[in-house]
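Each chain, written out:
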Amino acid sequence: MAPRLREASTLRAAPAQLDLPRQEQEMLQLWDDNGVEASSLRLGAEAARGRGTAPAFVFFDGPPFATGLPHYGHILPGTIKDIVPRYQSMRGFAVERRFGWDCHGLPIESLVEDELGIHGKAEIEAHGIAAFNAACRAGVLRYTEQWRKTVRRLGRWVDFDNDYKTMDPGFMQSVWWVFHRLWADGLVYEGHRVQPVSPVLGTPLSNFEVAQGPQERDPITRKDGHKRRQDPSLTVRFALEDEDASLWAWTTTPWTLPSNLALAVHPELDYVKVRVVETGEVAYLEPGRLADYQQRGKLGEVELLATLKGTALVGRPYAPLFPYFAELREKAGKRLAFRVVAATYVSTDAGTGIVHQAPAFGEDDYEVGRAEGLPLVNPVSLQGVFDARVVDFAGQHVKDADKGIMQLLRARGRVVDQDVIVHPYPHCYRTEEPLLYMALSTWFVKVEQLRPRLVANNEKIHWVPEHVGTGRFGNWLGGARDWNVARNRYWGTPIPIWRCDQDPTDVVCIGSIAELEQLAGLAVGSITDLHRETVDDVTFASAKTPGGVMRRVPEVFDCWFESGSMPYAQNEYPINEAKREYVENNLPCDFIAEGLDQTRGWFYTLHVLATALFDRPAFKHVIVNGLVLAEDGKKMSKRLKNYPDPLVVVDEYGADALRAYLISSAAVRAEPMRFSEKGVRDTVRTVILPLYNAYNFLVTYARADGWSPTAEDLHSRPGGALDRWILSRVVAFVDELGHEFDGYALSNVVPAFTRICDDLNNWYIRRGRRRYWRSRAEGDGDKQAAYATLYRVLVTVTKAMAPVIPFVTEWLYQRLVIDTGLGATETSVHLSRWPQLDPTLRDVALEHDVEAVRRAVNLGLAVREREKIAVRRPLALVTIASPDAQVRRAVLEFSEEILGELNIKRIEVAEDDSALCSVTVKANFKVLGKRLGARMKAVAEAIAGLDPAAVASLQRTGSLAMGDDTITLDEVLISREVLGGRAALAGEGMTVVLDTELTPELRREGLARELVNRVQNLRKDAGFDVSQRISILYETAGEVLEMLRDPAMLELVRGEVLAQDIVFSSTTLDMDAEEIDGIEVRLKITPYVG
RNA sequence: GGGCGUGUAGCUCAGUUGGUUAGAGCGCUGCCCUGAUAAGGCAGAGGUCGGGUGUUCAAAUCCCCCCACGCCCA
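Residues numbered from 1 in each chain as written. Chains lettered and ligands numbered in written order. Predicted model: local features only at pLDDT ≥ 70, side-chain atom pairs only at ≥ 80, totals over all residues. Heavy atoms only, no water.

Chemist: I keep staring at the sheet that holds strand β5 (residues 188-198) and nothing clicks. Help me out?
Modeler: Pairing between sheet strands relies on hydrogen bonds along the backbone, with the strands arranged either parallel or antiparallel. With respect to topology, four strands assemble into an open sheet ordered β6-β5-β20-β22, the strand pairing being antiparallel. The open sheet terminates on both sides in strands that have one partner only, identified here as β6 (203-204) and β22 (483-484). Direction of pairing for β5 relative to strand β20 (residues 436-445): antiparallel, over a ladder of 10 bridges. Each residue of the ladder has a partner; that of glycine 191, found in β20, is threonine 442. (Pairing = 2+ DSSP bridges. Helix = DSSP H or I, 4+ residues; strand = E, 2+ residues; numbered from the N terminus.)

In structure tokens:
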């Protein structure tokens, strides 16, 4: 097949100046102008509505909080969330990609509180829930335009127009449906949880809010903690009722003592009964703690009366410190409170080893109380004020009451020791006042009961990396606790539970708007929103309690409950009948991707709800990414400004480079990565430019030759070894890439790409260069094969990489395929199909051959380096010796490449290298160790000491008797070392020897090549086009002058540098002075004007 | 305090079921090549494999302890 030459090429000229960010902007414009993104997204949306023909690949996008700006923590998962759907689209699937917004919750409420200048329950309610929520609604989407801009600029295709918002009534109604289903299945109950309360705000705080509070680094342990504060350190005696002795207990919160209901001991620990010599008091406590009190001078001499295990104390009754709850002492004739209980959390780090229990005021206390059947006594309001039951301190703030409580106890002789302690303690993030922990009523989902199903369903999920699923997530599921889904907040989906004002046990759960309208006697369609300001006022008559009015409980949902409901709620399931089937058919979804921090967040809530509702996992494949840290290894911080703005980075280096950089990092394997701008810059050089350069080469010569690609060029089967080799490599590359994409192993993609670029640029093009320069002979089939193969390789690699680097691949595709009219019907690489190559193009043996050849070349170049012989200087002969027949064949097949790379005239191959090398033999530990075990050491020494004759025999016959053993050839490793005094090197499977003898002819040619080099440098400096013909004026002397008088050499120089004439001149002044082997050469080159 | 992960060259990371002299890319230094490249090639320097024990003929790899860092939980 002859190339069609001398016509104008259909390939557009490459731009003089490469400007990747500008090209990306042009591609964005192109996608907009041609509706490319929209068309890809439309396919997915159609599949979601049950229309369209392509099968659906279902992707769920986790909703970010709409109150922050996008940063690298979003860009990394965003890139992953773009690559996979792009790949699946090219594979022929329709991928719906709806962006989601997490609109509810504390972040926006906090912002609005700041903006309105109001804080806490009382102020918000005074302001009005309707007004407060209106402010949240108005403010929550403030950054959506910036998100859209950033996401678009990064090349992520996602549907913003058809987005979902957790504050949409349809979404919220589905959340109600989800909760109602759980309710109907008996998975919801009302219970208590000990929560931190900010008394000034009068509200419980979330963990998130607690973490916003003051954080100090402990000067000694260097651990981050809460703010340090001074608290009382009080040791109190509790009088036993069955013995004239007391139990000593320690507390830093005297205000919890009025609510004391029990004392806890560790059942396994030893306790002592002692008599204090000074006072005669008999007391129980843990001996190590006793010693501590003595050491600190708090206690004098004691007399040991007995030693006993904690279990021996369990059940013993003591007198209540205060009378307030004394009636709880017994219930139905059985001791209920004021007794010793066992608890394994009791430690000997501080206190007495006997721990005061107030079940309402501590997590551990609460659990112990629950296990022991103790009642829950909480005489403290959310404002931190004692109620009437604590008669002596009623109306006082608990922290203020501490002093009075201590005075009272001291007056009654109950205080063993009073001191102060400085310790870290959580404080309110707004008021900086200490938080109080107290048990509050809330609503729970019974997750503990679901554990076995959660674990079983997790086994169906493909986690990347695997250990997150088996380790972190799996462990978390195995120990999952019941989920507190209620929050005492305002801007959220209200919990749809209505309770009777007469009978608190009379409750109903509402599952839809229609149901509520019907119960409340409202017109169908009259409720158009579900936020608190709308539904809090909806009441109806109790069905059970005559005269009772049903009112909604005040709480809203944890916003994680909403995001976990996203698979159903984004499609308004099950109310929206049009999408019902789609939702049901596509559970679990195919793919999600988020950060490691979502293990307890979105991953978990999706999984819990999918298991509870459908007993299925929520997703099939998940990629978990790690945290993106700043270059200094610290968290990225706006305040520290320790990272560059993403949009600035993109404007400087392009989104492709940023994407390729992120996707190649450890962060796609859930490990933390350090972001560095330099890393992005290097990615331009090592990833983007190699592909562009290969393209640039093709275009340069195709245009010079007037070559244009045809559709056949994408299917031809070239005969030449070099062409067959690169096609084989491309087949391998596409296979590898497809395998990585299919396995969601994105971190391997870019390394595979750089390998194929290396093969293409540094071997295929480099070795094939001259095929493109030859004269424009008609009927030059090899030239056509060269163009066609290079073209095909570029198109294939471009398509294969399109999901990862969508801009430069589109730019190339437009030039390679669309411009040349070969684009079939699609207008974008992203609407084309993933490359599918004929697998018979793969030739593994050929790939091995080229590896051996490249090894031989490297050895040859290393010899030249060592011998200090420049590659420019031709040599006469290279000998490659190898016992491997395959290597020898490969060397002969590619002798032209070897000779060209090494600049040598002739090649010889040899089988026997024994004259060149000494052979050393070593045991192959891996093979032999398995067989010999402990005898390994001795045999290895014997093998190392074998004489050359024995080694030769082993090589010849394949085995050798050694004492009692017989070793075989594959049980040893033979290495070669070139004998001294030769220009040779031995490598894996071969020895390369150079003949360094220089004949006068070789010497002359070397000088000619030097001259060519000087002229080429001048051409480049002058900026001449590669096909520009030139005239040369020169002045020189000696050997160089002699060389130029040799017609053959003159011709060589002329041909290499495209010189029309080479003329000696001693007159021109503005010549460049060069030097070759100490001889001055003065040169002037000018464009040839024919 | 618990769970999970990480610790290997100046930097970013590979390192299979334990097995020869621990590798790659980038960076650095030197040399070289260039009729595409914002390039490329060859070589060199640079490692107590976080520390310590143990198991083994043999440990970066397996056990135990410790240290540091990260995330989540408490």
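Chemist: Is there a simple way to think about the environment of glycine 369 in this case?
Modeler: Tracing the backbone through its elements, the reader meets glycine 369 in helix α12 (residues 363-372). In sequence terms glycine 369 and alanine 569 are 200 residues apart; their C-alpha atoms lie 39 Å from each other.

Chemist: Looking at this structure, I do not really get the pairing of strand β43 (residues 1072-1076). What am I missing?
Modeler: Regular strands show a simple pattern: their side chains alternate between the two faces of the sheet. Where β43 meets strand β44 (residues 1079-1087), five bridges bridge the pair, whose relative direction is antiparallel. Note on β44: the bridge partner recorded for isoleucine 1076 is isoleucine 1079. Here β43 folds back onto β44 in antiparallel fashion, the turn holding two residues, of which aspartate 1077 has a positive phi close to 50°.

Chemist: Mind showing me how you'd approach the protein's contact with RNA strand B here?
Modeler: Around RNA strand B sit 55 residues, and of these Leu18, Arg472, Trp773, Arg872 and Leu973 come closest. Backbone sugar and phosphate groups make up 56% of those atoms of RNA strand B lying within 4 Å of the protein. At a separation of 2.7 Å, a phosphate oxygen of RNA strand B approaches a polar side-chain atom of arginine 669. At a separation of 3.2 Å, a sugar or linking oxygen of RNA strand B approaches a polar side-chain atom of asparagine 762. Where the surface near RNA strand B is concerned, the elements lending two or more residues are α15 (466-478), α24 (677-705), α26 (749-773), α29 (844-867), α32 (925-932), α33 (936-944), α35 (1000-1022) and α37 (1047-1057). Examining the composition of the surface near RNA strand B, we find that nine residues originate from one element, α24, more than from any other. Here the surface near RNA strand B is composed, by residue class, of 19 nonpolar, 13 polar and 23 charged. (Near = heavy atom within 4 Å. Polar contact = N/O pair within 3.5 Å; in protein donor to acceptor, adjacent residues only side chain to side chain. Nonpolar A, V, L, I, M, F, W, Y, C, P; charged D, E, K, R; others polar.)

Chemist: What exactly am I supposed to notice about the packing of aromatic side chains here?
Modeler: Aromatic ring pairs are described here by two measures, namely the spacing of the ring centres and the angle between the planes. Using the criterion set out here, one finds 52 aromatic pairs in the structure. A ring pair is formed by phenylalanine 179 and phenylalanine 557, whose centres lie 5.0 Å apart and whose planes are at 75°; its orientation type is edge-to-face. Taken together, the residues phenylalanine 179 in helix α8 (residues 169-184) and phenylalanine 557 in strand β28 (residues 556-557) connect sequence positions 378 residues apart. Each of the two residues, phenylalanine 179 as well as phenylalanine 557, counts as buried. (Phe/Tyr/Trp six-rings, centres within 6.5 Å; stacked < 30°, edge-to-face > 60°. Buried < 20%, exposed > 50% of the residue type's maximum accessible area, 1.4 Å probe, protein only.)

Chemist: Can you walk me through the pairing of β44 in this structure?
Modeler: Sheet topology places strand β41 (residues 1030-1035) next to β44; six bridges connect them, and they run antiparallel. Counted as the bridge partner of leucine 1033 is lysine 1084 from β44.

Chemist: I would appreciate a short explanation of the sheet that holds strand β21 (residues 462-464) in the present structure.
Modeler: Spatially, the three strands line up as an open sheet ordered β21-β30-β29, and their pairing is parallel. Of all strands in the sheet, those bounded by a partner on one side alone are β21 and β29 (589-595). Neighbour to neighbour, the strand axes of the sheet diverge by 15° on average, direction disregarded. Bridge count for β21 against strand β30 (residues 619-625) is three bridges, and the pairing is parallel. Residue pairing in the sheet places valine 464 in a bridge with isoleucine 623 of β30. In this fold helix α3 (residues 72-90) packs onto β29 and β30, with an angle of close to 160° to the strand it touches most, β29. (Axes fitted to C-alpha atoms, helices over the stretch in contact; angles between N-to-C directions. Contact = heavy atoms within 4.5 Å.)

Chemist: How do you make sense of the packing of helix α25 (residues 721-742) against α29 when you look at a structure like this?
Modeler: The geometry of a pair of packed helices is captured by two quantities: the angle between their axes and the separation between those axes. Axis separation between α25 and α29 bottoms out at 9 Å; the angle between their running directions is 110°. The angle between α25 and α29 falls in the class roughly perpendicular. As for the relative orientation of α25 and α29, their crossing is left-handed in sense. For the pair α25 and α29, contact is made by Ala721, Arg724, Trp725, Ser728, Arg729 and Ala732 and by Leu846, Glu847, Val850 and Arg854, respectively. (Parallel < 35°, antiparallel > 145°, perpendicular 65-115°, else oblique. Left-handed = near helix turned anticlockwise from the far one by under 90°.)

Chemist: How should the nonpolar core be read in this particular structure?
Modeler: In a soluble, globular protein the nonpolar side chains are often hidden away together inside. Leu658, Phe733, Phe753 and Leu816 are the most contacted members of the largest nonpolar core, which has 125 residues in total. With 13 residues, α24 is the single largest residue contributor to this core. Here phenylalanine 733 is in contact with Ala752, Phe753, Ile756, Val797, Ala800 and Met801, once residues within four sequence places are set aside. If you look at the next biggest cluster of nonpolar residues, it comprises 69 residues, including Phe179, Val468, Val485 and Val624. (Core = buried A, V, L, I, M, F, W, Y, C linked by side-chain atoms within 4.5 Å.)

Chemist: Help me understand a negative patch on the surface in this model?
Modeler: Together, Glu631, Asp632, Asp645, Asp651, Glu652 and Glu677 make up a region of like negative charge exposed at the surface. For glutamate 677, the location among the structural elements is in helix α24. A residue is classified by how much of its surface remains accessible, and glutamate 677, at 30% relative accessible area, is partly exposed. (Patch = residues over 30% accessible without salt bridge, like charges linked within 9 Å, V, L, I, M, F, W, Y side chains within 5 Å. Areas by Shrake-Rupley, 256 points an atom, 1.4 Å probe, with all protein chains shown as cover. Salt bridge = Lys/Arg side-chain N within 4 Å of Asp/Glu carboxyl O. Lys, Arg positive; Asp, Glu negative; His and termini not counted. Charge placed at Lys NZ, Arg CZ, Asp CG, Glu CD.)

Chemist: I would appreciate a short explanation of unusual backbone geometry in the present structure.
Modeler: Trans is the common state for peptide bonds, and a negative phi is the common state for residues other than glycine. Of the consecutive residues valine 464 and proline 465, the connecting peptide bond is found in the cis state with omega at 0°. The topology assignment puts proline 465 in the loop between β21 and α15. In this structure, the amide linkage connecting tyrosine 573 to the following residue, proline 574, adopts the cis form with an omega of -5°. As for its position among the elements, proline 574 is in the loop between α19 (566-569) and α20 (577-585). Residues other than glycine seldom take positive phi values, yet alanine 670 does so here, at roughly 70°. Within the secondary structure, alanine 670 sits in the loop between α23 (655-663) and β32 (673-674). One non-glycine residue, asparagine 903, lies in positive phi territory at about 55°. Its location among the elements puts asparagine 903 in the loop between α31 (895-902) and β34 (904-910).

Chemist: Explanation requested: the pattern of salt bridges in the structure shown.
Modeler: A side chain of one charge can pair with a side chain of the opposite charge if their charged atoms are brought near each other. By the definition in use, this model includes 60 salt bridges. In this structure, the salt-bridge partner of lysine 309 is aspartate 270, at a minimum N-O distance of 3.1 Å. Of this pair, lysine 309 sits in strand β14 (residues 302-309) while aspartate 270 sits in strand β12 (residues 270-276), and the two are 39 residues apart along the sequence. Assessed through its relative accessible area of 40%, lysine 309 is described here as partly exposed. Take aspartate 270: its relative accessible area is 36%, and that puts it in the partly exposed class. With a shortest N-O distance of 3.4 Å, lysine 620 and aspartate 590 are connected by a salt bridge. Placement of the pair is lysine 620 in strand β30 and aspartate 590 in strand β29, with a sequence separation of 30 residues. What makes lysine 620 partly exposed here is its relative accessible area of 35%. Aspartate 590 sits in the buried class, given a relative accessible area of 14%. Residues participating in the shared-partner salt-bridge network are Arg729, Asp758, Asp759, Arg842, Glu847 and Arg854.

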